[in-house]
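Next come the chains, spelled out residue by residue.
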Amino acid sequence: MEGHQRNLYLYERFNARVLGVSRDDIITLKYFAKSLDLTFPLLSNVTAFLGVSMDVQPEGRPIFGRRTVIIDKTGIIRYVRDGSPDYKDILLFLKKMNQEGRLDPTTGGKP
Amino acid sequence: MKRKALTILSFLLLAAWLAGCATMEPPKKVPYRLSPQGTVIWEDEFEFMPPPPDWKLLRVEVGENDINFGFMKSDPGGYPSVTSFAYDEEPFGCTTKFEQREKEFFKRFLFNAILQFQILERKKVQVVGGEGLAVTVEGKDPVKKEKVRATVIFGKRGERIVGFYITQWRPMDGSYDLSAFEIFDKFVNSFKFLKKSFYETL
């Protein structure tokens, strides 16, 4: 999460936005964000429907699996990686998408 | 005859398998080389003056492709007497302003040790060719009867903050060896970036 926070200026440069999703409640996430000085949104999804839709909700477990998903402006999932985020890989991917116009808000995501 | 041939074949296969094992071991790649001037060139990216030979190389795998390496030395006096220093490409915290980063950093620096920190000195310094901030602290653990003296130097690489830090642990009644801090200063003052960071190339 700290890695994402450090890279916010680069995400901005590539017309990308980051948000985190977890099953923790809002108060827990507020403390978590404060402890790491995070300024990007963290979504509390206690009912887990987002985790189910992203296929990161193991059956019978109260937490999501760790997965990084990049969605373009048209809502198409372009990148999925499990485990700890590979920040450099993410940045290179966003740079490429931005160059292709898939993240450019002025084109509505159309290259 | 057939049995003998099978035995020989088995030995040949075993030898081939063992030979395969021997060749499977990749040669160990050393991430540094020495320059004729006696400095270390680390992965063609950094250059610095190494500490004396009694310091051991310390390399931390951070798992985020970021570089974190340093040196350590056991000091006389037994546990916990040890000194280590490191270069950290991604010190704790996020902001690119030194004073704010200092606050973020010390929220987590040696967090597991649960120390009571006192700032001994804070000053602006020149580091890696630009302005930086050096903070010297002492932390004490009255329960374990241990203490640590540490200096953290924040500098800039491109837009991002990088860090150098030294920690020297002692029993509560032990005395610090400030000559190690001089070696650390030489390391930091000699430190150069030989190329742009990944983030600067984006």
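Residues numbered from 1 in each chain as written. Chains lettered and ligands numbered in written order. Predicted model: local features only at pLDDT ≥ 70, side-chain atom pairs only at ≥ 80, totals over all residues.

1. Concerning the overall build of chain B
- Secondary structure assignment for chain B yields three helices and eleven strands.
- The order of α-helices and β-strands along chain B, N terminus first, is α-β-β-β-β-β-β-α-β-β-β-β-α-β.
- Buried positions account for 25% of the 202 residues belonging to chain B.
- Excluding contacts between residues fewer than 6 apart, the proportion of contacts in chain B whose partners are at least 24 apart in sequence is 45%. (Helix = DSSP H or I, 4+ residues; strand = E, 2+ residues; numbered from the N terminus. Buried ≥ 20, exposed ≤ 12 C-beta atoms within 10 Å, placed from the backbone. Contact = placed C-beta atoms within 7 Å.)

2. Brief notes about the overall build of chain A
- In terms of helices and strands, chain A carries five helices and four strands.
- Rg of the C-alpha trace for chain A: 15 Å, near the compact-globule value of 13 Å for 111 residues, within the 12% margin.
- With the C-alpha coordinates aligned to their principal axes, the bounding extent of chain A is approximately 40 × 30 × 25 Å.
- Counting every position in chain A, which comprises 111 residues, the buried fraction comes to 12%.
- Taking contacts inside chain A between residues at least 6 apart in sequence as the whole, the part at least 24 apart equals 42%. (Rg over C-alpha atoms; globule rule 2.2 N^0.38 Å.)

3. Details of the interface of chain A and chain B
- If you look at the interface, chain A gives 13 residues, while chain B gives twelve residues.
- Looking at the side of chain A that touches chain B, the elements that each hand over two or more residues are α1 (2-6), α2 (8-13) and α5 (87-99) of chain A.

4. Comments concerning the pairing of strand β5 (residues 68-74) of chain B
Residue and element names in this part refer to chain B.
- As paired strands, strand β4 (residues 56-59) and β5 are joined by four bridges and run antiparallel to one another. Its bridge partner being in β5, R59 is matched across the sheet by F69.
- Both β5 and strand β6 (residues 82-88) contribute to a ladder of seven bridges, which runs antiparallel. Paired with N68 across the strands is D88, a residue of β6. (Pairing = 2+ DSSP bridges.)

5. Structural notes on the sheet that holds strand β3 (residues 46-48) of chain B
Residues and elements named next belong to chain B.
- Spatially, four strands are ordered β1-β2-β3-β11 in an open sheet, and the strand pairing comes out antiparallel. A strand with exactly one partner marks an edge of an open sheet, and here the two such strands are β1 (32-34) and β11 (192-193).
- As paired strands, β3 and β11 are joined by two bridges and run antiparallel to one another. Bridge pairing in β11 links E47 to K192.

6. What to know about helix α2 (residues 98-108) of chain B
Residue and element names in this part refer to chain B.
- Within the sequence span of α2, burial applies to R101, E102, E104 and F105.
- On the buried face of α2, the contacting elements are β8 (130-141), β9 (146-157) and β10 (160-171).
- At the C-terminal side of α2, L110 shows a positive phi close to 50°.

7. Quick word on unusual backbone geometry
- Of the consecutive residues B:Y79 and B:P80, the connecting peptide bond is found in the cis state with omega at 5°.
- Turning to its location among the elements, B:P80 is positioned in the loop between β5 and β6.
- For A:N15, which is not glycine, the phi torsion reads 60° and is therefore positive.
- Non-glycine residue B:D44 carries a positive phi angle of around 55°.
- In this fold, B:D44 is placed in the loop between β2 (40-42) and β3.

8. Some remarks on the pairing of strand β4 (residues 77-82) of chain A
All names here are of chain A.
- Relative to β4, strand β3 (residues 67-71) is paired through five bridges, and the arrangement is antiparallel. Its bridge partner being in β4, R67 is matched across the sheet by D82.
- A loop of five residues connects β3 with β4, the two strands running antiparallel in sequence, and G75 in this loop sits at a positive phi of about 90°.

9. Things to note about the confidence of the model for chain B
Residue and element names in this part refer to chain B.
- Here chain B shows a mean pLDDT of 85. Residues at 70 or above account for 82%.
- Ranking the elements of chain B by mean pLDDT puts helix α1 (residues 2-24) last with 46 and helix α3 (residues 179-190) first with 97.
- Of the regions scoring below 50 in pLDDT, residues 5-22 engages in zero contacts with residues more than four places distant in sequence or in other chains.
- Across the interface, the model reports ipTM at 0.82; the global pTM reads 0.81. (pLDDT = per-residue confidence, 0-100.)

10. Concerning the sheet that holds strand β7 (residues 116-127) of chain B
Residue and element names in this part refer to chain B.
- Sheet architecture is open: seven strands sit in the order β4-β5-β6-β10-β9-β8-β7, paired in antiparallel fashion. Strands with a single pairing partner mark the edges of an open sheet, and in this sheet they are β4 and β7. Shown here is a sheet whose adjacent strand axes are inclined to one another by a mean of 15°, direction ignored.
- As judged from the seven bridges shared by β6 and β10, these two strands associate in the antiparallel manner. Bridge pairing links Y87 to F164 in β10.
- The strands touched by α2 within the sheet are β7, β8, β9 and β10, with β9 carrying the most contacts at an inclination of about 145°. (Axes fitted to C-alpha atoms, helices over the stretch in contact; angles between N-to-C directions.)

11. Some thoughts on the nonpolar core
Residue and element names in this part refer to chain B.
- Formed by 29 residues in total, the largest nonpolar core has its most connected members in F85, V152, Y165, F184 and V188.
- Listed by contribution, the elements that provide at least two residues to this core are β6, β8, β9, β10 and α3.
- Take this core: its biggest share by element is six residues, from β10.
- Setting aside chain neighbours within four positions, we find V188 in contact with V127, I153 and F164. (Core = buried A, V, L, I, M, F, W, Y, C linked by C-beta atoms within 7 Å.)

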